[in-house]
Amino acid sequence: MTQDKYKIDFFAANEVSWGLIADWELFRSANPKLRSPYFGDKFFMSIKDVVPGAYLAVIREQDKIMGYFPFQVRGNVVQSLGTPLTDYQAIICAQELDIDMISVLQKHGEARFEFNGWIGKGVGNTNHLVAHAYHADIRDGFDSYFAARKSQNPSFFKSFQRRARALAKDVGEAHCQIGVATRNDVDKVVALKRTQYKQKGTYDVFDCGWTLQLLYSIAENSNQEFGLQFAYLKIKDQLIACELFLIDGDYAHSWFPAYEADFAKYSPGHILTMKIIEKLASIGVTTLDFGIGHEKYKESLATQGDLCLEGAYSSHAPMAKAIIELAASISPKLAAIMSRYRNSIYRRRRIITACEPTGLGRLSATLKMLNRLARR
(Lines give C-alpha, C1' and ligand atoms only; values in the text may rest on other atoms or scores of the structure.)
Protein backbone atom coordinates (compact mmCIF):
# COMPACT_ATOMS: atom_id res chain seq x y z
CA MET A 1 0.00 0.00 0.00
CA THR A 2 1.33 3.42 -0.86
CA GLN A 3 0.47 6.80 0.49
CA ASP A 4 -1.17 7.67 -2.85
CA LYS A 5 -4.12 5.61 -1.65
CA TYR A 6 -4.63 7.99 1.24
CA LYS A 7 -6.54 11.23 1.14
CA ILE A 8 -5.47 13.92 3.60
CA ASP A 9 -7.83 16.62 4.81
CA PHE A 10 -6.54 19.55 6.85
CA PHE A 11 -8.61 21.31 9.50
CA ALA A 12 -7.87 24.35 11.63
CA ALA A 13 -7.67 22.82 15.08
CA ASN A 14 -10.09 25.28 16.66
CA GLU A 15 -12.77 24.01 14.24
CA VAL A 16 -12.33 20.34 15.20
CA SER A 17 -15.29 18.76 17.01
CA TRP A 18 -15.48 15.59 19.05
CA GLY A 19 -17.42 14.01 16.19
CA LEU A 20 -14.50 14.35 13.77
CA ILE A 21 -12.16 12.52 16.16
CA ALA A 22 -14.62 9.80 17.18
CA ASP A 23 -12.15 7.07 16.13
CA TRP A 24 -9.17 8.58 17.97
CA GLU A 25 -9.32 6.48 21.14
CA LEU A 26 -10.20 3.34 19.16
CA PHE A 27 -6.94 3.75 17.21
CA ARG A 28 -5.03 4.48 20.37
CA SER A 29 -6.35 1.47 22.29
CA ALA A 30 -5.24 -0.78 19.42
CA ASN A 31 -1.72 0.66 19.32
CA PRO A 32 0.41 0.08 22.47
CA LYS A 33 2.93 2.69 21.34
CA LEU A 34 0.33 5.42 21.92
CA ARG A 35 -0.23 4.97 25.69
CA SER A 36 1.34 8.32 26.60
CA PRO A 37 -1.09 11.05 27.73
CA TYR A 38 0.26 13.21 24.90
CA PHE A 39 -1.51 10.93 22.43
CA GLY A 40 -4.96 11.12 24.03
CA ASP A 41 -7.97 12.79 22.45
CA LYS A 42 -8.59 14.71 25.69
CA PHE A 43 -5.07 16.12 25.57
CA PHE A 44 -5.59 17.28 21.98
CA MET A 45 -8.96 18.84 22.74
CA SER A 46 -7.54 20.57 25.84
CA ILE A 47 -4.77 22.37 23.94
CA LYS A 48 -6.05 22.83 20.38
CA ASP A 49 -7.59 26.25 20.96
CA VAL A 50 -4.58 27.83 22.70
CA VAL A 51 -1.72 26.75 20.42
CA PRO A 52 -1.13 29.31 17.65
CA GLY A 53 -1.21 27.96 14.10
CA ALA A 54 -2.73 24.62 15.13
CA TYR A 55 -4.08 22.10 12.60
CA LEU A 56 -5.28 18.53 12.37
CA ALA A 57 -4.53 16.26 9.42
CA VAL A 58 -7.19 13.57 8.97
CA ILE A 59 -5.93 10.59 6.99
CA ARG A 60 -8.51 8.61 5.02
CA GLU A 61 -8.43 5.54 2.82
CA GLN A 62 -11.41 6.00 0.53
CA ASP A 63 -14.05 7.28 2.98
CA LYS A 64 -12.70 5.56 6.08
CA ILE A 65 -10.63 7.51 8.60
CA MET A 66 -7.33 5.70 9.20
CA GLY A 67 -5.43 8.16 11.37
CA TYR A 68 -4.89 11.66 12.70
CA PHE A 69 -1.87 13.92 12.91
CA PRO A 70 -2.07 17.13 14.99
CA PHE A 71 0.53 19.78 14.12
CA GLN A 72 1.42 23.46 14.32
CA VAL A 73 2.83 25.83 11.70
CA ARG A 74 5.45 28.50 12.33
CA GLY A 75 6.16 30.41 9.12
CA ASN A 76 6.82 27.54 6.70
CA VAL A 77 7.95 25.15 9.45
CA VAL A 78 5.74 22.30 10.68
CA GLN A 79 6.10 20.82 14.15
CA SER A 80 3.93 18.45 16.13
CA LEU A 81 1.19 20.17 18.11
CA GLY A 82 2.33 21.64 21.41
CA THR A 83 6.05 21.66 20.60
CA PRO A 84 8.26 22.32 22.57
CA LEU A 85 6.21 21.24 25.59
CA THR A 86 5.08 17.87 24.23
CA ASP A 87 7.73 15.17 24.58
CA TYR A 88 6.38 12.68 22.03
CA GLN A 89 4.87 12.83 18.55
CA ALA A 90 3.28 10.26 16.27
CA ILE A 91 0.50 9.60 13.81
CA ILE A 92 -2.56 8.49 15.76
CA CYS A 93 -3.45 5.22 14.05
CA ALA A 94 -4.41 1.66 14.95
CA GLN A 95 -1.59 0.19 12.90
CA GLU A 96 1.44 1.63 11.16
CA LEU A 97 0.43 3.45 7.98
CA ASP A 98 2.59 3.39 4.87
CA ILE A 99 2.62 7.16 4.66
CA ASP A 100 5.30 9.81 4.71
CA MET A 101 4.11 12.95 6.50
CA ILE A 102 7.05 14.90 5.06
CA SER A 103 5.70 14.47 1.52
CA VAL A 104 2.16 15.17 2.70
CA LEU A 105 3.14 18.41 4.38
CA GLN A 106 5.20 19.51 1.39
CA LYS A 107 2.10 19.16 -0.78
CA HIS A 108 0.33 21.34 1.77
CA GLY A 109 2.91 24.03 1.03
CA GLU A 110 5.23 23.67 4.03
CA ALA A 111 8.99 23.74 3.42
CA ARG A 112 10.33 22.21 6.62
CA PHE A 113 9.20 19.49 9.02
CA GLU A 114 10.86 19.21 12.45
CA PHE A 115 10.26 16.33 14.84
CA ASN A 116 11.54 15.23 18.21
CA GLY A 117 10.43 12.22 20.23
CA TRP A 118 8.81 10.74 17.13
CA ILE A 119 7.46 7.21 17.67
CA GLY A 120 6.74 4.79 14.84
CA LYS A 121 6.71 5.36 11.10
CA GLY A 122 5.79 8.48 9.17
CA VAL A 123 8.98 10.50 8.76
CA GLY A 124 10.43 8.76 5.71
CA ASN A 125 14.15 8.13 5.31
CA THR A 126 15.42 11.43 6.67
CA ASN A 127 18.65 11.54 8.65
CA HIS A 128 17.73 11.46 12.29
CA LEU A 129 19.04 10.92 15.79
CA VAL A 130 17.75 7.96 17.78
CA ALA A 131 17.14 7.96 21.53
CA HIS A 132 15.30 5.79 24.01
CA ALA A 133 12.45 6.89 26.22
CA TYR A 134 12.75 5.93 29.89
CA HIS A 135 9.89 4.30 31.80
CA ALA A 136 9.50 3.33 35.45
CA ASP A 137 7.59 0.04 35.50
CA ILE A 138 5.50 0.04 38.68
CA ARG A 139 2.84 -2.50 37.76
CA ASP A 140 4.01 -4.86 40.53
CA GLY A 141 3.88 -2.18 43.22
CA PHE A 142 6.33 0.27 44.74
CA ASP A 143 8.27 -2.19 46.91
CA SER A 144 9.01 -4.44 43.94
CA TYR A 145 10.00 -1.47 41.79
CA PHE A 146 12.27 0.00 44.48
CA ALA A 147 14.04 -3.29 45.16
CA ALA A 148 14.62 -3.94 41.45
CA ARG A 149 16.03 -0.48 40.71
CA LYS A 150 18.15 -0.45 43.87
CA SER A 151 19.74 -3.78 42.90
CA GLN A 152 20.63 -2.33 39.50
CA ASN A 153 21.86 1.06 40.79
CA PRO A 154 23.01 0.61 44.42
CA SER A 155 25.22 3.73 44.53
CA PHE A 156 22.43 6.04 43.31
CA PHE A 157 19.93 4.71 45.83
CA LYS A 158 22.46 4.75 48.66
CA SER A 159 23.13 8.42 47.93
CA PHE A 160 19.40 9.13 47.59
CA GLN A 161 18.61 7.60 50.99
CA ARG A 162 21.53 9.40 52.64
CA ARG A 163 20.37 12.78 51.33
CA ALA A 164 16.79 12.13 52.38
CA ARG A 165 17.98 11.39 55.92
CA ALA A 166 20.15 14.52 55.90
CA LEU A 167 17.17 16.67 54.82
CA ALA A 168 15.06 15.31 57.67
CA LYS A 169 17.88 15.88 60.17
CA ASP A 170 18.98 19.33 59.01
CA VAL A 171 15.66 20.91 58.03
CA GLY A 172 12.79 18.70 59.16
CA GLU A 173 10.52 15.89 58.07
CA ALA A 174 9.16 16.46 54.58
CA HIS A 175 5.59 15.68 53.63
CA CYS A 176 4.17 15.18 50.15
CA GLN A 177 0.77 15.98 48.66
CA ILE A 178 -0.53 15.01 45.22
CA GLY A 179 -3.74 16.08 43.51
CA VAL A 180 -5.36 17.56 40.42
CA ALA A 181 -3.49 20.73 39.39
CA THR A 182 -5.04 24.18 39.63
CA ARG A 183 -3.97 27.44 37.99
CA ASN A 184 -2.24 28.41 41.25
CA ASP A 185 -0.29 25.15 41.20
CA VAL A 186 0.77 25.82 37.61
CA ASP A 187 1.95 29.30 38.64
CA LYS A 188 4.10 27.86 41.44
CA VAL A 189 5.95 25.47 39.15
CA VAL A 190 6.30 27.95 36.29
CA ALA A 191 7.74 30.60 38.64
CA LEU A 192 10.47 28.18 39.72
CA LYS A 193 11.17 27.11 36.13
CA ARG A 194 11.43 30.72 34.95
CA THR A 195 13.87 31.50 37.76
CA GLN A 196 15.90 28.48 36.64
CA TYR A 197 15.91 29.66 33.00
CA LYS A 198 17.07 33.11 34.07
CA GLN A 199 19.86 31.75 36.27
CA LYS A 200 21.12 29.52 33.47
CA GLY A 201 20.74 32.20 30.83
CA THR A 202 18.59 29.95 28.65
CA TYR A 203 15.51 30.76 26.60
CA ASP A 204 12.33 31.03 28.67
CA VAL A 205 9.67 28.86 27.01
CA PHE A 206 6.95 30.62 29.02
CA ASP A 207 7.85 34.12 27.84
CA CYS A 208 5.71 33.76 24.72
CA GLY A 209 2.46 33.44 26.68
CA TRP A 210 0.63 30.63 24.89
CA THR A 211 2.68 27.90 26.58
CA LEU A 212 1.41 29.03 29.99
CA GLN A 213 -2.13 29.16 28.63
CA LEU A 214 -1.68 25.58 27.42
CA LEU A 215 -0.95 24.41 30.97
CA TYR A 216 -3.90 26.40 32.32
CA SER A 217 -6.19 24.84 29.72
CA ILE A 218 -5.12 21.29 30.57
CA ALA A 219 -5.55 22.02 34.29
CA GLU A 220 -9.08 23.30 33.68
CA ASN A 221 -9.96 20.03 31.89
CA SER A 222 -8.28 17.71 34.39
CA ASN A 223 -9.57 15.20 36.92
CA GLN A 224 -8.08 12.28 38.83
CA GLU A 225 -8.19 10.05 35.76
CA PHE A 226 -6.84 12.47 33.15
CA GLY A 227 -4.78 15.57 32.82
CA LEU A 228 -2.45 17.71 34.84
CA GLN A 229 -1.52 16.66 38.37
CA PHE A 230 0.46 18.60 40.97
CA ALA A 231 2.78 17.17 43.59
CA TYR A 232 4.76 19.06 46.19
CA LEU A 233 7.27 18.41 48.94
CA LYS A 234 7.09 20.71 51.95
CA ILE A 235 8.74 21.01 55.35
CA LYS A 236 6.29 22.87 57.57
CA ASP A 237 5.20 25.70 55.24
CA GLN A 238 8.40 25.76 53.18
CA LEU A 239 8.07 24.50 49.60
CA ILE A 240 11.09 22.32 48.82
CA ALA A 241 10.17 20.81 45.46
CA CYS A 242 7.13 20.48 43.20
CA GLU A 243 6.16 18.95 39.89
CA LEU A 244 3.46 19.04 37.26
CA PHE A 245 2.90 15.65 35.68
CA LEU A 246 0.36 14.16 33.30
CA ILE A 247 -1.87 11.16 33.87
CA ASP A 248 -4.17 9.23 31.55
CA GLY A 249 -5.67 6.13 33.10
CA ASP A 250 -2.87 3.86 34.29
CA TYR A 251 -0.10 5.81 32.52
CA ALA A 252 1.67 8.89 33.91
CA HIS A 253 4.33 11.18 32.47
CA SER A 254 6.80 13.31 34.44
CA TRP A 255 6.66 16.77 32.90
CA PHE A 256 7.82 19.84 34.84
CA PRO A 257 9.85 19.09 37.98
CA ALA A 258 11.20 22.06 39.95
CA TYR A 259 12.83 22.69 43.31
CA GLU A 260 14.09 25.49 45.49
CA ALA A 261 17.79 26.02 44.76
CA ASP A 262 18.61 26.52 48.47
CA PHE A 263 17.90 22.83 49.07
CA ALA A 264 19.71 21.45 46.00
CA LYS A 265 22.30 19.53 48.05
CA TYR A 266 19.55 17.25 49.36
CA SER A 267 18.28 16.35 45.83
CA PRO A 268 14.69 17.24 46.75
CA GLY A 269 13.52 16.55 43.22
CA HIS A 270 14.57 12.91 43.52
CA ILE A 271 12.88 12.62 46.90
CA LEU A 272 9.64 14.00 45.45
CA THR A 273 9.87 11.73 42.40
CA MET A 274 10.14 8.68 44.63
CA LYS A 275 7.09 9.75 46.61
CA ILE A 276 5.17 10.32 43.35
CA ILE A 277 6.09 6.81 42.18
CA GLU A 278 4.97 5.34 45.52
CA LYS A 279 1.64 7.17 45.33
CA LEU A 280 1.01 6.26 41.70
CA ALA A 281 1.75 2.59 42.33
CA SER A 282 -0.77 2.59 45.21
CA ILE A 283 -3.61 3.77 42.92
CA GLY A 284 -2.97 1.32 40.11
CA VAL A 285 -0.80 3.33 37.74
CA THR A 286 1.53 0.94 35.91
CA THR A 287 4.01 3.31 34.25
CA LEU A 288 5.71 6.61 34.98
CA ASP A 289 7.32 7.91 31.81
CA PHE A 290 10.40 10.14 32.13
CA GLY A 291 10.64 10.97 28.42
CA ILE A 292 13.78 10.87 26.32
CA GLY A 293 17.21 12.07 27.37
CA HIS A 294 20.39 10.73 28.91
CA GLU A 295 20.22 12.27 32.37
CA LYS A 296 21.81 10.00 34.94
CA TYR A 297 18.76 9.92 37.20
CA LYS A 298 16.62 8.51 34.39
CA GLU A 299 19.00 5.60 33.91
CA SER A 300 18.82 4.96 37.66
CA LEU A 301 15.08 5.30 38.16
CA ALA A 302 13.82 3.76 34.93
CA THR A 303 14.48 1.31 32.12
CA GLN A 304 14.71 2.00 28.41
CA GLY A 305 11.43 2.08 26.52
CA ASP A 306 10.44 2.96 22.97
CA LEU A 307 12.88 4.20 20.36
CA CYS A 308 12.26 7.84 19.47
CA LEU A 309 13.49 9.82 16.48
CA GLU A 310 14.71 13.40 16.28
CA GLY A 311 15.40 15.22 13.04
CA ALA A 312 14.15 17.52 10.33
CA TYR A 313 13.54 17.64 6.62
CA SER A 314 13.80 20.87 4.65
CA SER A 315 13.37 21.65 0.98
CA HIS A 316 15.58 24.71 1.58
CA ALA A 317 19.02 25.19 3.09
CA PRO A 318 18.98 24.24 6.79
CA MET A 319 18.24 27.16 9.09
CA ALA A 320 21.11 26.17 11.40
CA LYS A 321 23.54 26.75 8.51
CA ALA A 322 22.02 30.17 7.86
CA ILE A 323 22.34 31.08 11.55
CA ILE A 324 26.00 30.04 11.60
CA GLU A 325 26.65 32.14 8.50
CA LEU A 326 24.95 35.08 10.21
CA ALA A 327 27.11 34.52 13.28
CA ALA A 328 30.25 34.49 11.14
CA SER A 329 29.33 37.92 9.79
CA ILE A 330 29.02 39.18 13.37
CA SER A 331 32.01 37.48 14.98
CA PRO A 332 34.41 34.68 13.91
CA LYS A 333 34.59 33.61 17.56
CA LEU A 334 30.83 33.28 17.73
CA ALA A 335 30.79 31.28 14.50
CA ALA A 336 33.37 28.87 15.92
CA ILE A 337 31.31 28.40 19.08
CA MET A 338 28.19 27.72 17.05
CA SER A 339 29.91 25.20 14.80
CA ARG A 340 31.15 23.35 17.89
CA TYR A 341 27.68 23.23 19.45
CA ARG A 342 25.70 22.76 16.27
CA ASN A 343 23.27 20.13 17.62
CA SER A 344 22.66 22.12 20.78
CA ILE A 345 22.01 25.27 18.76
CA TYR A 346 19.65 23.38 16.48
CA ARG A 347 17.60 22.27 19.48
CA ARG A 348 17.54 25.79 20.92
CA ARG A 349 16.47 27.24 17.61
CA ARG A 350 13.74 24.61 17.26
CA ILE A 351 12.41 25.57 20.70
CA ILE A 352 12.45 29.26 19.77
CA THR A 353 10.66 28.51 16.50
CA ALA A 354 7.99 26.53 18.34
CA CYS A 355 7.38 29.14 21.01
CA GLU A 356 7.39 32.27 18.88
CA PRO A 357 4.44 32.37 16.44
CA THR A 358 5.65 35.51 14.62
CA GLY A 359 8.71 36.05 12.47
CA LEU A 360 9.69 39.11 14.50
CA GLY A 361 9.49 37.14 17.73
CA ARG A 362 11.65 34.34 16.30
CA LEU A 363 14.24 36.82 15.03
CA SER A 364 14.41 38.67 18.34
CA ALA A 365 14.78 35.46 20.38
CA THR A 366 17.44 34.11 17.99
CA LEU A 367 19.50 37.31 18.24
CA LYS A 368 19.30 37.13 22.04
CA MET A 369 20.53 33.52 21.86
CA LEU A 370 23.48 34.58 19.69
CA ASN A 371 24.27 37.37 22.14
CA ARG A 372 24.33 34.93 25.06
CA LEU A 373 26.67 32.60 23.14
CA ALA A 374 28.96 35.49 22.25
CA ARG A 375 29.38 36.30 25.96
CA ARG A 376 30.63 32.82 26.80
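Residues numbered from 1 in each chain as written. Predicted model: local features only at pLDDT ≥ 70, side-chain atom pairs only at ≥ 80, totals over all residues. Heavy atoms only, no water.

Enquirer: Residue-level account of the overall build of the protein chain, with values.
Expert: Looking only at helices and strands, the protein chain has 13 helices and 13 strands in total. Within the protein chain, the fraction of its 376 residues that count as buried is 52%. For the protein chain, long-range pairs separated by at least 24 residues make up 73% of all intrachain contacts whose partners lie at least 6 apart in sequence. Accessible surface, the protein chain: about 17,500 Å² in total, of which carbon and sulfur atoms supply 49%. (Helix = DSSP H or I, 4+ residues; strand = E, 2+ residues; numbered from the N terminus. Buried < 20%, exposed > 50% of the residue type's maximum accessible area, 1.4 Å probe, protein only. Contact = heavy atoms within 4.5 Å. Areas by Shrake-Rupley, 256 points an atom, 1.4 Å probe, with all protein chains shown as cover.)

Enquirer: So what's going on with the packing of helix α6 (residues 183-200) against helix α7 (residues 210-220)? Residues and values would help.
Expert: Running from N to C, α6 and α7 cross one another at 145 degrees; their axes reach a closest spacing of 9 Å. Between α6 and α7 the crossing geometry is right-handed. For the pair α6 and α7, contact is made by Arg183, Val186, Asp187 and Val190 and by Leu212, Leu215, Tyr216, Ala219 and Glu220, respectively. Grouping the amino acids of the contact of α6 with α7 by side-chain chemistry returns six nonpolar, no polar and three charged. (Axes fitted to C-alpha atoms, helices over the stretch in contact; angles between N-to-C directions. Left-handed = near helix turned anticlockwise from the far one by under 90°. Nonpolar A, V, L, I, M, F, W, Y, C, P; charged D, E, K, R; others polar.)

Enquirer: Tell me what's going on with empty space enclosed by the protein, and back it up with residues and numbers.
Expert: Here the structure, examined in full by the defined rule, presents five cavities of 30 Å³ or more. Approximately 150 Å³ is the volume attributed to the largest cavity. Along the walls of the largest cavity sit 16 residues, with Tyr38, Phe39, Pro70, Leu81 and Tyr88 positioned nearest its centre. For the lining of the largest cavity, the secondary structure elements donating two or more residues are α2 (41-47) and β3 (64-74). The element best represented in the lining of the largest cavity is α2, accounting for three residues. A breakdown of the residues in the lining of the largest cavity according to their chemical character gives twelve nonpolar, four polar and no charged. (1 Å grid on protein atoms, 1.4 Å probe; cavity = no way out; pocket = protein on both sides within 12 Å on 5 of 7 lines; lining within 4 Å. Points joined across faces, edges and corners; volume = space filled by probe spheres on them.)

Enquirer: Account for helix α4 (residues 142-152), with residues named and values stated.
Expert: For the α-helix, the turn length of 3.6 residues means that residues three or four positions removed from each other point alike. Within α4, the full set of buried residues consists of Phe142, Tyr145, Phe146 and Arg149. Down the axis, α4 shows its buried residues gathered within 95 degrees of arc, on one side only. Exposed side chains of α4 directed beyond 90 degrees from the buried face belong to Asp143 and Ser151. Buried residues belonging to α4 abut β7 (128-137), α5 (154-170), α8 (268-282), α9 (296-301) and β13 (303-314). (Arc of directions from axis to C-beta.)

Enquirer: Quick rundown of the side chain of Lys298? Include the residues and the values.
Expert: Positionally, Lys298 belongs in helix α9. Among the polar contacts listed, one links the side chain of Lys298 to the backbone oxygen of Phe290, at a separation of 3.0 Å. Among all residues touching Lys298, those that are not within four sequence positions of it are Tyr134, Phe290, Gly291, Ile292 and Gly293. (Polar contact = N/O pair within 3.5 Å; in protein donor to acceptor, adjacent residues only side chain to side chain.)

Enquirer: Describe in detail the pairing of β7, supporting the description with residues and values.
Expert: Relative to β13, β7 is paired through seven bridges, and the arrangement is antiparallel. Counterpart to His135 in the pairing with β13 is Thr303. Two strands pair when backbone bridges link them, and β7 and strand β12 (residues 287-292) are joined in this way by five bridges, in the antiparallel orientation. Pairing of Ala136 across the sheet is with Leu288, part of β12. (Pairing = 2+ DSSP bridges.)

Enquirer: Kindly report on a nonpolar patch on the surface, identifying the contributing residues and their values.
Expert: Judged by side-chain polarity, Leu360, Leu363 and Leu367 come together as a nonpolar surface patch covering roughly 310 Å² of accessible area. Positionally, Leu360 belongs in helix α13 (residues 359-374). (Patch = residues over 30% accessible without salt bridge, like charges linked within 9 Å, V, L, I, M, F, W, Y side chains within 5 Å. Salt bridge = Lys/Arg side-chain N within 4 Å of Asp/Glu carboxyl O.)

Enquirer: So what about the packing of aromatic side chains? Which residues, and what values?
Expert: The full count for this structure, using the stated rule, is 25 aromatic pairs. When the centroid spacing of 5.9 Å and the interplanar angle of 15 degrees are considered together, the rings of Phe69 and Phe71 count as stacked. As far as the burial class goes, Phe69 and Phe71 line up, both buried. Note on Phe230 and Tyr232: the rings are 5.9 Å apart at their centroids and 45 degrees apart in plane angle, and the pair reads as tilted. (Phe/Tyr/Trp six-rings, centres within 6.5 Å; stacked < 30°, edge-to-face > 60°.)

Enquirer: Before we move on, could you go through the pairing of strand β9 (residues 226-235) and cite the residues and values that matter?
Expert: Along β9, nine of the ten residues are buried, which leaves the element largely enclosed by surrounding structure. Of the strand pairs in this sheet, strand β8 (residues 175-180) and β9 are connected by six bridges, and their pairing is antiparallel. Across the sheet, Cys176 pairs through a bridge with Leu233, a residue of β9. Relative to strand β10 (residues 238-248), β9 runs antiparallel, the two sharing ten bridges. What sits directly across from Ile235, in β10, is Gln238. The antiparallel pairing of β9 with β10 creates a hairpin that spans two residues between the two strands, and Lys236 there sits at a positive phi of about 60 degrees.

Enquirer: Residues and numbers for a positive patch on the surface, please.
Expert: Taken together, the side chains of Lys150, Lys158, Arg162 and Arg165 make up a positively charged region of the molecular surface. At three residues, α5 tops the list of elements feeding residues into the positive patch. Along the chain, the position of Arg165 falls in helix α5. (Lys, Arg positive; Asp, Glu negative; His and termini not counted. Charge placed at Lys NZ, Arg CZ, Asp CG, Glu CD.)

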